[in-house]
Amino acid sequence: MEKEVIQSVGFRNIKEDDNVTGFQMKIRLPYYRGIFLSQLRPGTLFVDGERFEKEEIIWNIKGEDYTYEEMKSDFHTHWAVTTPAVLKVKKEGGLAQGYHDITYGFCFTSSYMPPIVQDTLDPDSESMIFMPEFGHHVNKRRLLIV
Amino acid sequence: MYQYNRKGPKRGVALYSYSAEFGLTKTLEDCFEDVHDMGAHGIEILANTHIENYPYPTDEWVDKWFRLCDKYEVVPVEYGNWIDSHVLGCRDLTTEESYEMLARDIRLAHRLGFTVMRTKMPVISDLLEPVTNWREIIRMALPLAEKLGIQMCPEIHTPSNLKGKMVTDFVDFIKETGTKNFGLNIDFSVFRTEFGENDFKDPHFTPNRPEDIIPLLPYIYCCHAKFIHMSDEFEETTIPYKEVIQVLKDNNWDGYLLSEYEGADKYEAGYEVGQTLRKQHIMLKNYIGD
């Protein structure tokens with residue numbers, strides 16, 4: 001697994017029945033412990049400036065697909081720090097060959113942190129104080145599609 | 001299963017210390033080997049981090065766990081778990097649901113050979129006060145913990161004080177219930193006296209003196225040997241370690257000191273926390289005399 005949150009391995013277009021229907025990428029959890037899916041606060045994905053809302057992104061954890069709505073109430077499925085999640089996005093024709101600038105924000109709650117810190121969590125902007133063991137909210141990477 | 005029969009304070013490592021490296025440049029076995037290199041015999045894991053396929057590991061993984069303990073002469077000392085009552089955004093878990101989460105961890109801790117749990121309570125204020133129903137959740141779990149020989153221990157960590165309300169409430173609960181299955185894990189950050197210019201010092205924090213720990217010793221089932229800065233002469237420069245360990249020895253306290261390093265520098269590229277832990281273990285070995 002790579003140190004970068006957005007992994008270079010796993011970034012590709014998704015083909016269904018010979019049609020390219022979207023693209024996928026992998027992200028790792030930059031926290032020191034795994035989380036239950038309801039702790040996730042997924043944000044917005046930008047690829048070359050094109051915006052994809054959190055509701056448009058499917059998370060695949062341990063081989064199972066989850067929508068944003070499903071994850072909100074799922075406090076039994078656990079995402080481990082050692083296994084990246086696969087994010088799948090529908091986009092007719094997929095992404096073009098070549099470089100793509102990816103920006104993706106997500107964060108997560110922690111029951112042992114003061115409520116004031118929890119209530120102001122925003123996946124699309126950084127925390128007031130950066131704490132390395134919680135990682136950055138907004139991660140960027142430039143990666144190639146073949 | 002490997003056993004380490006030394007009495008008194010014993011050396012161990014909290015694998016939390018490896019959080020910047022685990023899963024990237026270090027496997028679980030690498031962490032075990034590093035602990036073994038230090039001559040330490042105790043380990044603390046974080047359930048949600050170090051157990052593959054948590055909270056439902058396979059029997060194969062559990063077999064591997066015991067093989068690692070035997071191979072590296074390591075005792076499973078403390079199982080770090082969280083009562084994540086705030087796990088849902090829309091509402092808190094009920095007492096029953098929180099208990100179910102805790103009971104699952106008690107069973108798993110037992111399955112992996114642990115006897116102590118670092119049970120992290122969900123908080124409701126900046127002073128890190130636990131949820132108001134913590135007594136009900138713990139009371140519900142006491143029979144199972146007793147049956148499986150588990151001691152649940154919240155960690156007492158800066159800015160909390162050993163003489164403060166949180167500790168008093170926990171001790172009152174232990175006295176009221178007479179339980180041996182709920183106790184304390186004291187993090188040595190409560191003894192920190194020295195702060196550098198750029199170090200954060202919580203305005204609510206007052207350091208404890210080493211002897212403040214004495215009345216609590218009957219309820220302390222392990223300690224977090226927190227350290228902030230080790231000098232090249234192998235001295236911790238911010239916490240009076242020599243005095244703290246002397247108090248533990250003088251009062252015949254028997255248990256593990258689990259090294260925990262949470263300095264942000266461990267996230268820097270190329271940082272090997274094992275080297276920092278070794279510096280502390282040279283000191284601990286000298287003071288403990290093992």
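Here the structure is shown first, and the text comes after it.
The following refers to the structure shown. (Residues numbered from 1 in each chain as written. Chains lettered and ligands numbered in written order. Predicted model: local features only at pLDDT ≥ 70, side-chain atom pairs only at ≥ 80, totals over all residues.)

## With respect to the overall build of chain A
Point 1. Across its full length, chain A carries two helices and 11 strands.
Point 2. Along chain A, from the amino end to the carboxyl end, the secondary structure elements read β-β-β-β-β-β-β-α-β-β-β-α-β.
Point 3. The C-alpha atoms of chain A give 15 Å as radius of gyration, which agrees with the globular expectation for 146 residues (15 Å, within 12%).
Point 4. In terms of principal-axis extent, the alpha carbons of chain A reach across some 50 × 30 × 25 Å.
Point 5. Expressed as a percentage of the 146 residues in chain A, the buried residues total 29%.
Point 6. For chain A, long-range pairs separated by at least 24 residues make up 70% of all intrachain contacts whose partners lie at least 6 apart in sequence. (Helix = DSSP H or I, 4+ residues; strand = E, 2+ residues; numbered from the N terminus. Rg over C-alpha atoms; globule rule 2.2 N^0.38 Å. Buried ≥ 20, exposed ≤ 12 C-beta atoms within 10 Å, placed from the backbone. Contact = placed C-beta atoms within 7 Å.)

## So, the interface of chain B and chain A
Point 1. Each partner contributes residues to the interface: chain B has 25 residues there, and chain A has 23 residues.
Point 2. Class assignment of the residues belonging to the side of chain B that touches chain A gives a composition of 14 nonpolar, eight polar and three charged. (Nonpolar A, V, L, I, M, F, W, Y, C, P; charged D, E, K, R; others polar.)

## Considering the sheet that holds strand β6 (residues 57-61) of chain A
All names here are of chain A.
Point 1. Sheet architecture is open: five strands sit in the order β1-β2-β9-β6-β7, paired in antiparallel fashion. Only two strands of the sheet have a single neighbouring strand rather than two, namely β1 (12-16) and β7 (64-66). Averaged over all adjacent pairs, the angle separating strand axes in this sheet is 35°, with direction ignored.
Point 2. By the bridge criterion, four bridges tie β6 to strand β9 (residues 85-90) in an arrangement that is antiparallel. Bridge assignment links Asn60 to a residue of β9, and that residue is Val86. (Pairing = 2+ DSSP bridges. Axes fitted to C-alpha atoms, helices over the stretch in contact; angles between N-to-C directions.)

## Considering the environment of Ser8 of chain A
Residue and element names in this part refer to chain A.
Point 1. Take Ser8: it is sitting in the segment before β1.
Point 2. By the C-beta count within 10 Å, which is 13 here, Ser8 ends up partly exposed.
Point 3. A sequence separation of 134 residues divides Ser8 from Arg142, and the C-alpha atoms of the two residues are 8.8 Å apart.

## Describing helix α7 (residues 241-250) of chain B
Residue and element names in this part refer to chain B.
Point 1. Buried residues of α7: Tyr241, Val244, Ile245 and Leu248, and no others. Angularly, the buried residues of α7 cover 95° about the axis, an arc narrow enough to put them on a single face.
Point 2. Looking at the buried residues of α7, the elements they touch are β1 (9-14) and α8 (273-288).
Point 3. Downstream of α7 by one or two residues, Asn252 has phi in the positive range, about 55°. (Arc of directions from axis to C-beta.)

## Overview of the packing of α7 of chain B against α8 of chain B
The geometry of a pair of packed helices is captured by two quantities: the angle between their axes and the separation between those axes.
All names here are of chain B.
Point 1. α8 packs onto α7 with a crossing angle of 40° between their chain directions and a minimal axis gap of 10 Å. Classified by the interaxial angle, the pair formed by α7 and α8 is oblique. Taken as a pair, α7 and α8 cross one another with a handedness that is right-handed. On the side of α7, the interface is formed by Tyr241, Lys242 and Ile245, while α8 contributes Met283, Tyr287 and Ile288.
Point 2. When its residues are assigned to classes, the contact of α7 with α8 shows five nonpolar, no polar and one charged. (Parallel < 35°, antiparallel > 145°, perpendicular 65-115°, else oblique. Left-handed = near helix turned anticlockwise from the far one by under 90°.)

## Let's talk about the pairing of strand β4 (residues 40-47) of chain A
On any regular strand, side chains alternate: one points to one face of the sheet, the next to the other face.
Residues and elements named next belong to chain A.
Point 1. Alignment of β4 against strand β10 (residues 98-108), held across six bridges, turns out to be antiparallel. Bridged to Leu40 within β10 is Phe108.
Point 2. Inspection of the sheet shows β4 paired to strand β5 (residues 50-52) by three bridges, in the antiparallel sense. Within β5, the position partnered with Leu45 by the bridge is Phe52.
Point 3. Remark: two residues form the turn of the hairpin made by β4 and β5, two consecutive strands paired antiparallel; Asp48 in that turn has positive phi of roughly 50°.

## Here we look at the packing of helix α4 (residues 95-111) of chain B against helix α5 (residues 134-148) of chain B
Residues and elements named next belong to chain B.
Point 1. Where α4 meets α5, the axes come as close as 9 Å, and the angle between the chain directions of the two elements is 25°. With respect to α5, the axis of α4 lies roughly parallel. Regarding α4 and α5, the two cross each other, and that crossing is right-handed. Residues Thr95, Ser98, Tyr99, Leu102, Ala103, Ile106 and His110 of α4 lie in contact with α5, whose contacting residues are Glu136, Ile137, Met140, Ala141, Leu144, Ala145 and Leu148.
Point 2. Residues belonging to the contact of α4 with α5 are distributed by class as follows: 10 nonpolar, three polar and one charged.

## Quick look at the nonpolar core
Point 1. Of all hydrophobic cores here, the largest spans 99 residues; its most connected members are Val13, Leu15, Met117, Ala141, Met152, Cys222 and Leu258 of chain B.
Point 2. Excluding anything up to four places from it in sequence, Leu15 of chain B contacts Cys31, Ile43, Glu44, Ile45, Leu46 and His50 of chain B. (Core = buried A, V, L, I, M, F, W, Y, C linked by C-beta atoms within 7 Å.)

## A short note on the pairing of β6 of chain A
All names here are of chain A.
Point 1. Bridging between β6 and β7 involves three bridges; their strand directions are antiparallel. Looking across to β7, one finds that Asn60 is bridged to Asp65.
Point 2. Hairpin connection of β6 to β7: two residues between the antiparallel strands, including Lys62 at a positive phi of 50°.

## A short note on the sheet that holds strand β11 (residues 138-145) of chain A
Residues and elements named next belong to chain A.
Point 1. Strand order in the open sheet formed by four strands is β5-β4-β10-β11, and the pairing between neighbours is antiparallel. Each edge of the open sheet carries a strand with a single partner, namely β5 and β11. Each adjacent strand pair in this sheet contributes to an overall mean axis angle of 25°, direction not counted.
Point 2. Pairing analysis gives eight bridges linking β10 to β11, with the strands arranged antiparallel. Of the residues in β11, the one forming a bridge with Gly98 is Ile145.

## Thoughts on the environment of Val62 of chain B
Residue and element names in this part refer to chain B.
Point 1. Relative to the helices and strands, Val62 is located in helix α3 (residues 59-71).
Point 2. For Val62, a count of 16 C-beta atoms within 10 Å corresponds to the partly exposed category.
Point 3. Considered as a pair, Val62 and Gly113 are 51 residues apart in the sequence and their alpha carbons are 10.0 Å apart.
Point 4. Sequence-distant contacts of Val62, that is, excluding residues within four places in its chain, are made with Pro57, Arg111 and Leu112.

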